[in-house]
Amino acid sequence: MRHGIWSLALTVSLSASLSAQDVRSHVTTLASEAMGGRLTGTEGAAKAAAYIVSELKRLGISPLPGRSDFRVPFEFTSGVTDTGSSFRVGDWDAPDDGLRGLAFSEVGEASGSIVFAGYGITVPESQDFGYDSYFGLEVEDKIVLVLRYFPEDASQEVKSVLARYSGLRYKARNARERGAKGLLVVTGPRSPSAGELAALNFDTAAAGSGIVAASITGLVADKLFENVSDKTLEQAQHDLDSANPHVGGFDIPDVTATLTVKLERETGTGFNVVGYFPPSASTAEGASEDRFVLVGAHYDHLGEGKQGSSLAGADEAGQIHGGADDNASGVAAVLAIAERLKGRERKSSVAFGFWSGEEMGLLGSGAFVASKVLASEALTAYVNFDMVGRMRDNKLVLQAVGTSDVWPRLIEQTNVPVGFDVQTSEDPYLPTDVTSFNQAEVPSVNFFTGSHSEYHKPSDRAELINYEDLDRVARFGALLTEKLSNLDERPVFIKVARSSQAGGSRDSVRAFTGTIPDYASDVEGLLLGGVIEGGPAEEAGLAAGDLIKEFAGQAITNIYDYTYALDVVKVGEPIDVVYERDGETLKTTLTPRARK
Amino acid sequence: MRNVLVFLLLAGTASAQTYSESDFLSRTRRLTFEGRRAGEGYFSPDGKQMVFQSEREADNPFYQIYVLDLLNGDTRRISPGHGKTTCAFFQHETGNILFGSTHNDPRSKDLQKKELDFRASGKERRYSWDYDPEMELYVHHPDSGELEQLTHAFGYDAEASYSPDGQWVVFTSMRDAYGRKLSREEEKQLEQDPSFFAEIYIMRYDGSQQTRLTYAPGYDGGPFFNYDGTRIIWRRFTERGDIADVWSMLPSGADQRQVTDFKSMSWAPYAHPSGDYIFFASNKLGFTNFELFIVDTEGMKEPVRVTYTDGFDGLPVPTPDGDRLSWTSNRDGGASTGGQIFIADWNHDKAMEALQASPARGSTENE
């Protein structure tokens, strides 16, 4: 209706265009060159934190009770370097470029004889599958040599099972649990990137694998196989590659080796920024300053994209990743919510949290939850905003709504006047900060407006943000938060079971397809949010908006199917992709490349 | 956001037909989220409120009636809270709300408990409506909060709606199965499916002058007045109960005419306020795939398909100004529940164009 619900609803809001200016100014400032991409621990992140602090002060928000500073520090591993790991076999020393410590390795030395344990994979008995690389092997106090990845020639079905137990960290744990002192990993001659070392990718849980572990080059592995009379490494891999469970490992005869891993982990300090509004004075009855509704967004991004998850193309590599959508938009939404809630009636406190270290693995929110600066029992609910600046077609995605039955009710009430095309999903195990709060059993919800082809690239810029709709998202968030802050009781937390269908571990996925998936619980297939420029998907003619229905002969009904399919495709081997575009079913061929 | 597992929904799948959903419907969005299911949403005459039925209270597994304020999103229950209710409708000017309810049945709370226990046992049954003979029609008066009982006949009395001027109520009743001696055939029929006895009735808004309008064997139900109160539209099932079509008649019961002829289950008719066409739902494209259609008021032309999304789309109701359409669907997360209410902008001009371009009824083969 031209004069009906929609326009009437708008008239009861504050002047929409004025507040859209506010969110524009927040995003533009945070995504500017001066902030340098807001990498956790850098000066750019400090500037972003200072900007947020100044905004909180302007709004009359206070530091949390008992604190004088909005900044709440946390420590994190900011890098790992190999400072001279070595490997000696008999009196032969591996060359310096022949090995590299694995990021999660213990620092130290392991000496002993060497056992070749195939792919080093053990599928748990509960899977009723029957695959154990260690069958019949005695590895206690020895050094285990394993191949990276999983058997190359197995059927896709078998690979999809093995892939789940083939991550490096999983292999290290497997070796340690069998009593091995050291682990050597080689990329087999029949695998992609044959003979190359594994990258020293650090993650947050970097330390503590309990075993000395390194990757070695094919050259070093061949040196070990000189002592094996009847086969080469390549022949040994070939025997294993059918995944025949009866092909076992063996001792490498007459060799004693010493593996020494030297790693230096650098520690940095990151800062969360947190403040709060107390309950309104006029609602003294039933009011509780000790209960908090927490509204949050991460403010860090990828800096110049030199670590980990940048998707920058070759022509833009090393440029500042401004992260306008990811997640200047979320910060702008939370600041705009604070602005709207100023002076409003509320029975409980409302806190505003701006997290750092999210891109490195939810570090800031995880540390905040662990620190008990605000006990999780004191949190009525957590409302997160991550990538809310690129709304298309009025679609707002609300995730993690399975964490409490309060969400469907409040979403219904809140959305009627705001009028988004709201899509909900229950799963709280998400690559964003709600995961930290869900683990602490706080009813949580995440706001999201969809991925796009500028995701994790320098081109995620302020001019691509949809400010009018970003402001509507903030309005929705403010209405929702206000309702939460006036509840008499804490909503009941519901534990959502983690999907047993979790995909293969990240470091086992080695095929690069250049697809950027969007995903949804109710769409049958995998919707592409974009494709990486120059990548195999683009070369195959795929584009944003295509709905993949079949990939390498496997029906794709959801993101998990797709992850499985990715696990088992072979680099360099063309695969058929069936997809829908504009209602038409089309077919193309995509040739995956090796992931570096 | 860290890493790439990201989320977005896609609009309904398009098809190779001449039209697609976006020709008629835009800014489609889900209106209700709470509870297992919601449906039968009808607008107040000023378009500012919607009354609907929903299963959303922990202690009652059956529908209750709620009024949704479309300006601020507040929802309140206006039915008693216990028993089963269904099919509410606003009266012109007074804001009174008419609905069917079993709350005066002394067993109603026991029935709730029985159903809850059944669900707790983990068993599932196909959703079905049981045509509870204790169902009577009531009017909720918003100012006093009082409930006025309009019907007192044993047998399902429900599916009621007011005439546009609020003076008349047209409704469905199965009282004919109870007030007289049934033949053996009829007794068997009643046991199998009481809806066979459902007929259309009319009465004054105060419950007086209750008059039967239809006599055809088989379920006659879901009646509404058209935009100016000159005709009643409803759905009529065949005697066997396998096929339903939209019919129209004068408020006297005379001049009964069949409007649709899909040879499938076509039901839930509701007139567009322009008076030019009628919305309805049909499963002609698949037994469980109900889609919305429009047909010209006289049924001279082939109906035009409006929705193109698999699953259930039914119970279409336009806003009083005719610019928006609300309906019940299990699309987009409505699927995890038994259906929810959706709303979209309605393209009336496109609808008129499509109806005009449609061939005469019966001139094309049924698909």
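For every chain, the first residue of the written sequence is number 1, and numbering continues from 1 onward in sequence order. Chain letters start at A and ligand numbers start at 1, both assigned in the order the entries are written. Confidence filtering applies because this is a predicted model: local features only for residues at pLDDT of at least 70, side-chain atom pairs given and counted only at 80 or more, and all residues used for totals across whole chains, interfaces and linings. The basis for every side-chain value is the complete set of non-hydrogen atoms in the structure, without hydrogens or water.

Undergrad: Which residues make up the nonpolar core, and what values go with them?
TA: Residue and element names in this part refer to chain A. Within this scheme, the nonpolar core is defined by two criteria: the residues are buried Ala, Val, Leu, Ile, Met, Phe, Trp, Tyr or Cys, and they are joined through side-chain atoms within 4.5 Å. Each residue is placed in one exposure class: buried if its accessible area under a 1.4 Å probe, protein chains only, is under 20% of its type's maximum, exposed if it is over 50%, and partly exposed if it falls in between. Of all hydrophobic cores here, the largest spans 64 residues; its most connected members are Phe352, Phe354, Phe385, Trp407 and Phe447. Top contributing element to this core by residue count: helix α8 (residues 324-341), with 11 residues. Any pair of residues with heavy atoms lying within 4.5 Å of one another is described as a contacting pair. Setting aside residues up to four positions removed in sequence, Phe447 forms contacts with Val383, Asn384, Phe385, Asp386, Val388, Leu396, Val397, Leu398, Val473, Phe476, Gly477 and Leu480. Tyr119, Ile216, Ala236 and Ile252 belong to the second largest nonpolar core, which has 46 residues in total. Helix and strand assignments follow DSSP, with helices taken as H or I runs no shorter than four residues and strands as E runs no shorter than two, numbered in order from the N terminus.

Undergrad: Just give me the short version of the sheet that holds strand β17 (residues 257-258) of chain B, but keep the residues and values in it.
TA: Residue and element names in this part refer to chain B. Any two strands with at least two DSSP-identified bridges between them are counted as paired. Read from one edge to the other, the open sheet built from four strands follows the order β14-β15-β16-β17, with strand pairing classed as antiparallel. Looking along the sheet, the strands with just one partner apiece sit at the ends: β14 (220-225) and β17. Pairing of strand β16 (residues 244-249) with β17, which is carried by two bridges, proceeds in the antiparallel orientation. Counterpart to Ser248 in the pairing with β17 is Arg257.

Undergrad: Run through the environment of Ser155 of chain A, naming residues and quoting values.
TA: All names here are of chain A. Structurally, the position occupied by Ser155 is in the loop between β7 (143-147) and α4 (156-162). Overall, Ser155 belongs to the partly exposed group, its relative accessible area being 39%. Residues Ser155 and Ala243, spaced 88 residues apart in sequence, show a C-alpha to C-alpha distance of 8.7 Å.

Undergrad: Describe the sheet that holds strand β10 (residues 250-261) of chain A, naming the residues involved and giving the relevant values.
TA: The pairing of strands in a sheet comes from backbone hydrogen bonds and takes either a parallel or an antiparallel form. Residues and elements named next belong to chain A. Strand order in the open sheet made by the eight strands is β4-β3-β10-β6-β7-β8-β9-β5, with mixed pairing throughout. Each end of this open sheet is capped by a strand with a single partner; those strands are β4 (92-93) and β5 (99-101). As paired elements, β7 and strand β8 (residues 182-186) share five bridges and run parallel to each other. Pairing of Leu145 across the sheet is with Leu184, part of β8.

Undergrad: I'd like a description of helix α3 (residues 43-58) of chain A, backed by residues and values.
TA: Residue and element names in this part refer to chain A. Each helix should span, by expectation, one fewer than its residue count multiplied by 1.5 Å. Taking 1.5 Å of rise per residue, the 16 residues of α3 would be expected to cover 22 Å, and the 23 Å separating its terminal C-alpha atoms lies within 8% of that figure. Residues Gly44, Ala45, Ala48, Ala49, Tyr51, Ile52, Val53, Glu55 and Leu56 constitute the buried set of α3. Gly60, located one to two residues past α3, shows a positive phi value of around 75°.

Undergrad: Tell me about the pattern of salt bridges, residues and numbers included.
TA: Residues and elements named next belong to chain B. Salt bridges are identified by distance alone: a Lys or Arg side-chain nitrogen within 4 Å of an Asp or Glu carboxyl oxygen. As enumerated under the stated definition, the model contains 49 salt bridges over all chains in all. Between Arg36 and Glu55 there is a salt bridge, with its nearest N and O atoms 3.4 Å apart. Placement of Arg36 in the loop between β1 (25-30) and β2 (37-43) and of Glu55 in strand β3 (residues 49-55) is noted, with a sequence separation of 19 residues between them. On the basis of relative accessible area, Glu55 is assigned to the buried category, the value being 5%. Across the pair Arg212 and Asp176 runs a salt bridge, and its minimum N-O distance is 3.4 Å. You can see Arg212 sitting in strand β13 (residues 211-212) and its partner Asp176 sitting in the loop between β11 (168-173) and α3 (184-192), a full 36 residues away along the chain. Classification of Asp176 by relative accessible area gives buried; the value is 17%. Salt bridges linked by common partners bring Arg36, Arg37, Glu55, Glu115 and Arg119 together as one network.

Undergrad: Before we move on, can you summarise the environment of Arg107 of chain B with the specific residues and values?
TA: All names here are of chain B. Residue placement: Arg107 occurs in the loop between β7 (97-101) and α2 (108-120). For Arg107, a relative accessible area of 44% gives the class partly exposed. With 27 residues separating them in the primary sequence, Arg107 and Glu134 have C-alpha atoms 9.8 Å apart.

Undergrad: Go over the side chain of Thr481 of chain A with me, naming the residues and quoting the values.
TA: Residue and element names in this part refer to chain A. Residue placement: Thr481 occurs in helix α12 (residues 467-485). Residue classification places Thr481 among the buried residues on the basis of a relative accessible area of 0%. In contact with Thr481, other than residues within four places in its own chain, are Val293, Val295, Ile337, Leu341 and Val350.

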